[in-house]
Amino acid sequence: MIIAEPKKLADVLCAVEPYRNVAVAGCGTCVTVCLAGGEKEALGVAGMIRLAAKEAGREVIVSVTNPIRQCDMEFLDSHEAELEEADCILSLACGAGVQFMAEKFPDKVVVPGVDTKFIGVNRDLGYWTEMCQGCGNCILEKTGGVCPVSRCSKSHFNGPCGGSSTGKCEIDPETECGWQLIYDRLSRINQLDRLLEVNETRDWSTSRDGGPRIVRRQDVTL
């Protein structure tokens, strides 16, 4: 899932301060799970906006809505009536959701309420780790299901660097060496011979050149 963190409240209040009718839009998927932008967070931010306005002697209308997800136009359509009343939409979705919201409501000011961090997993309450950078050319079958792009601090494709020590990364001694994880995983599934294969120089065009990237499946296109 996409992991995000709430923006600093001072930054959010500054972004919405010029507007008198603010709609706080949560998102019911990724940012709900990572406790950054679900309905609970939306209600909390809305309350803080009202409080800040009251202390400043300003009148403000603050509404709250919570689409199932903001990255799907179908779910934005069902909230159109309530969002049309606002002159500013504070989106608590990831960066994709914020942009889709702006596309859906081209005449509205749309501002982000969270900082999008990475594609990751939920390990414990309040604890998420990065697992994927969406590079567009997955080689997990060669590395035992451990990604060298996201799990190695240097994104090495053919073994560890000379700086790793006792299974830890030289960049951060609290971070596990990605290639140590790959070695341990391949050893466990009896595929250490994979390490003898030399991975070709990475073609980063699948992730970094000529964006924005598009996936269009002909077998499901209407």
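It should be noted that the structure appears before, not after, this text.
The present account deals with the structure reproduced in this document. This is a predicted model, so every value here is computed, not measured.

1. Here we look at the overall build of the protein chain
Next up, step 1: Summing up its helical and strand segments, the protein chain has eight helices and seven strands in all.
Next up, step 2: Over its C-alpha atoms the protein chain spans a radius of gyration of 22 Å, topping by over 25% the 17 Å that the globule rule assigns to 222 residues.
Next up, step 3: The principal-axis extents of the C-alpha atoms in the protein chain amount to approximately 65 × 45 × 25 Å.
Next up, step 4: Accessible surface computed for the protein chain: about 13400 Å², of which carbon and sulfur atoms make up 51%.

2. Some points on the packing of helix 1 (residues 9–16) against helix 3 (residues 39–55)
Next up, step 1: Here helix 1 crosses helix 3 at 65°, and the two axes come no closer than 11 Å. Viewed along their axes, helix 1 and helix 3 form a crossing whose handedness is right-handed. Judged by residue contacts, Leu9, Val12, Leu13 and Val16 of helix 1 engage Val45, Met48, Ile49 and Ala52 from helix 3.
Next up, step 2: By residue class, the composition of the contact of helix 1 with helix 3 is eight nonpolar, no polar and no charged.

3. Here we look at the pairing of strand 2 (residues 21–25)
Next up, step 1: With respect to burial, strand 2 is a largely interior element, five of its five residues being buried.
Next up, step 2: Covered by surrounding structure in strand 2 are Asn21, Ala23 and Ala25 together with Val22 and Val24, the residues of both alternating faces.
Next up, step 3: Relative to strand 4 (residues 88–91), strand 2 is paired through four bridges, and the arrangement is parallel. Among the inter-strand pairings, Ala25 is bridged to a residue of strand 4, identified as Ser91.

4. Some remarks on the environment of Val109
Next up, step 1: Position of Val109 relative to the elements: it lies in strand 5 (residues 109–112).
Next up, step 2: The class for Val109 is partly exposed, based on a relative accessible area of 29%.
Next up, step 3: Between the alpha carbons of Val109 and Lys8 there is a distance of 19 Å; along the sequence they are 101 residues apart.
Next up, step 4: Excluding residues that lie within four positions of it along the chain, Val109 makes contacts with Tyr19, Asp87, Cys88 and Ile89.

Definitions and limits used
- Within each chain, residues carry numbers counting from 1 in the order of the written sequence.
- Local features are withheld for residues below a pLDDT of 70 in this predicted model, meaning they are given only at 70 or higher, and side-chain atom pairs are given and counted only at 80 or more; totals for whole chains, interfaces and linings count all residues.
- Processing note: side-chain calculations cover all non-hydrogen atoms of the structure and skip hydrogens and water entirely.
- Per the convention used, a helix needs a DSSP run of H or I reaching at least four residues, while a strand needs a run of E reaching at least two, with both numbered from the N terminus.
- Atoms counted for the radius of gyration: C-alpha only. Globule rule: 2.2 Å times residue count to the power 0.38.
- Surface accessibility in these figures is a Shrake-Rupley result with a 1.4 Å probe; residues are shielded only by whichever protein chains are displayed.
- Helix axes are fitted to C-alpha atoms over the stretch in contact, other axes to C-alpha atoms as well, and angles between N-to-C directions run from 0 to 180 degrees.
- Put simply, a crossing is left-handed when the front helix is turned counterclockwise from the back one by less than a right angle, and right-handed when it is turned clockwise.
- Contacts are residue-level and defined by heavy atoms, with any inter-residue pair within 4.5 Å sufficient.
- Note on residue categories: nonpolar means Ala, Val, Leu, Ile, Met, Phe, Trp, Tyr, Cys or Pro, charged means Asp, Glu, Lys or Arg, and polar means any other residue, Gly included.
- Only protein chains enter the accessibility calculation, which uses a 1.4 Å probe; a residue whose area is less than 20% of its type maximum is buried, one above 50% is exposed, and one in between is partly exposed.
- At least two bridges found by DSSP between two strands are what make those strands a pair.

None of the figures reported here should be taken as evidence of function without further support.
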